[in-house]
Amino acid sequence: MLDHGAGSSRVVLKWGRVPEGRRVLDLAEGILIGLRRYSPEAAFGELLAVAHRNDITVSAAAATLVGLATGFTDAADFHPSIAQQEWGSLLPATAG
């Protein structure tokens, strides 16, 4: 069940968790689907492979890709060196 919370503009699950993690993962998958023409399964597979290769969580890999693509790099899970190494060439404005 959803609760909009008094005075809050964010939707919060009844258990108190904000569903941001799932949205970031979906957004990262969408970026890979758009840029690499992947299926959703292949996009998730790349995020999983990046997470394993760099010893980070899948959600951190997703946050890193989303941060690179959007320029929002203030997230705690953003890893700039991983972002450039893994996806810098996909996004010309960030390459180099």
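Residues numbered from 1 in each chain as written. Predicted model: local features only at pLDDT ≥ 70, side-chain atom pairs only at ≥ 80, totals over all residues. Heavy atoms only, no water.

> How would you sum up the overall build of the chain? Please name residues and give values.
Helix and strand counts for the chain stand at four helices and two strands. Going residue by residue from the N terminus, the α and β elements of the chain occur as β-β-α-α-α-α. The long-range fraction of contacts in the chain, counting pairs at least 24 apart against all pairs at least 6 apart in sequence, stands at 32%. Per element, the accessible surface of the chain, about 6100 Å² overall, is 57% carbon and sulfur. (Helix = DSSP H or I, 4+ residues; strand = E, 2+ residues; numbered from the N terminus. Contact = heavy atoms within 4.5 Å. Areas by Shrake-Rupley, 256 points an atom, 1.4 Å probe, with all protein chains shown as cover.)

> I'd like a rundown of helix α3 (residues 58-70), residues and numbers included.
Structurally, the α-helix is built with 3.6 residues per turn, so residues lying three or four positions apart point the same way. The end-to-end C-alpha separation of α3 is 18 Å, in line with the 18 Å expected for 13 residues at 1.5 Å each. Across the 13 residues that make up α3, a large majority, ten, are buried. On the buried face of α3, the contacting elements are α1 (20-36), α2 (40-54) and α4 (80-87). Immediately beyond the C-terminal end of α3, within one or two residues, lies Gly-71, with a positive phi of roughly 85 degrees. (Expected span 1.5 Å × (residues − 1). Buried < 20%, exposed > 50% of the residue type's maximum accessible area, 1.4 Å probe, protein only.)

> Could you give me a rundown of unusual backbone geometry, with the residues and numbers involved?
Of all residues except glycine, most have a negative phi; of all peptide bonds, most are trans. The phi dihedral of Arg-37 falls on the positive side, at around 60 degrees, and the residue is not glycine. For Arg-37, the location among the structural elements is in the loop between α1 and α2. Given a relative accessible area of 70%, Arg-37 falls into the exposed group. Phi at Asp-55 is positive, roughly 55 degrees, even though this residue is not glycine. Along the chain, the position of Asp-55 falls in the loop between α2 and α3. The class of Asp-55 is exposed, set by a relative accessible area of 73%.

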